[in-house]
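# Examining the three-dimensional arrangement
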Amino acid sequence: YKEALAYYQKALALDRELKMEGKIAVRLNNIGLIQLLNKKPKEALRNFKKALAAFQRIGKKWDISLVLRNIGDAYRDLKDYEQARDFYLKAVKMKEALRLTATGVVRREYLASEIATYRSLVLAYLYLGIYDKAFDTAELASSKYLLEQMEKRFEGKSFYYDGIKSY
């Protein structure tokens, strides 16, 4: 991690010199991930928030959703489960909006990322002792996954059970 961090910091310096805001945001996010892995969640949080602000300025919604989840992870590591939950919820909401506008393989890839965020959200609810929300969230993620898989399998064909979409 130490070597990777040094390379990211060098790349960040170059990106800043070239005023490449998108690349700066990516580097800040990656530095934050390494800091999180090194058990430095406060430092990671600072870099994630800077990355988030940069991605918001340039309007990169997918990257925003990823950084929102990373911020949630930093708060989780800081044992601030309410903040973690709030950022996971923001990430899920954004990922779902993106997923619903996508088709085919891209739609399923969005769902895979969304499911991972749902898992983190379930854990936050469990840490907070909100067990009914943890269960409901797990069920929601499972039902979305089931529906995506059925749509993939039965592309262009009608479902055996007409109510599956409403489920």
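This text goes with the structure placed above it.
In this report, the structure presented in the accompanying data block is examined. (Residues numbered from 1 in each chain as written. Predicted model: local features only at pLDDT ≥ 70, side-chain atom pairs only at ≥ 80, totals over all residues. Heavy atoms only, no water.)

## Description of the pattern of salt bridges
This model, assessed by the stated rule, comprises ten salt bridges. The network of salt bridges with common partners includes Glu96, Arg99, Glu114 and Lys144. (Salt bridge = Lys/Arg side-chain N within 4 Å of Asp/Glu carboxyl O.)

## Focus: the packing of helix α4 (residues 61-77) against helix α6 (residues 104-128)
As a packed pair, α4 and α6 sit with axes 11 Å apart at the nearest point and diverge in direction by 25 degrees. The orientation of α4 with respect to α6, classified from their angle, is roughly parallel. Crossing angle aside, the handedness with which α4 passes α6 is left-handed. Mapping the contact onto sequence places Trp62, Leu66, Arg69, Asp73 and Arg76 in α4 and Tyr110, Ser113, Ala116, Thr117, Ser120 and Tyr127 in α6. The residue makeup of the contact of α4 with α6, split by class, is five nonpolar, three polar and three charged. (Axes fitted to C-alpha atoms, helices over the stretch in contact; angles between N-to-C directions. Helix = DSSP H or I, 4+ residues; strand = E, 2+ residues; numbered from the N terminus. Parallel < 35°, antiparallel > 145°, perpendicular 65-115°, else oblique. Left-handed = near helix turned anticlockwise from the far one by under 90°. Contact = heavy atoms within 4.5 Å. Nonpolar A, V, L, I, M, F, W, Y, C, P; charged D, E, K, R; others polar.)

## Observations concerning α6
Within an α-helix, residues lying three or four positions from one another point in the same direction, as the helix has 3.6 residues per turn. Between its first and last C-alpha atoms α6 spans 36 Å; for 25 residues at 1.5 Å apiece the expected length is 36 Å, and the two agree. With its phi angle positive at about 75 degrees, Gly129 sits one or two positions after the end of α6. (Expected span 1.5 Å × (residues − 1).)

## Details of the environment of Val122
By the element assignment, Val122 lies in helix α6. Owing to a relative accessible area of 16%, Val122 belongs among the buried residues under this scheme. With sequence-adjacent residues up to four places away left out, Val122 is seen in contact with Ala134, Thr137 and Ala138. (Buried < 20%, exposed > 50% of the residue type's maximum accessible area, 1.4 Å probe, protein only.)

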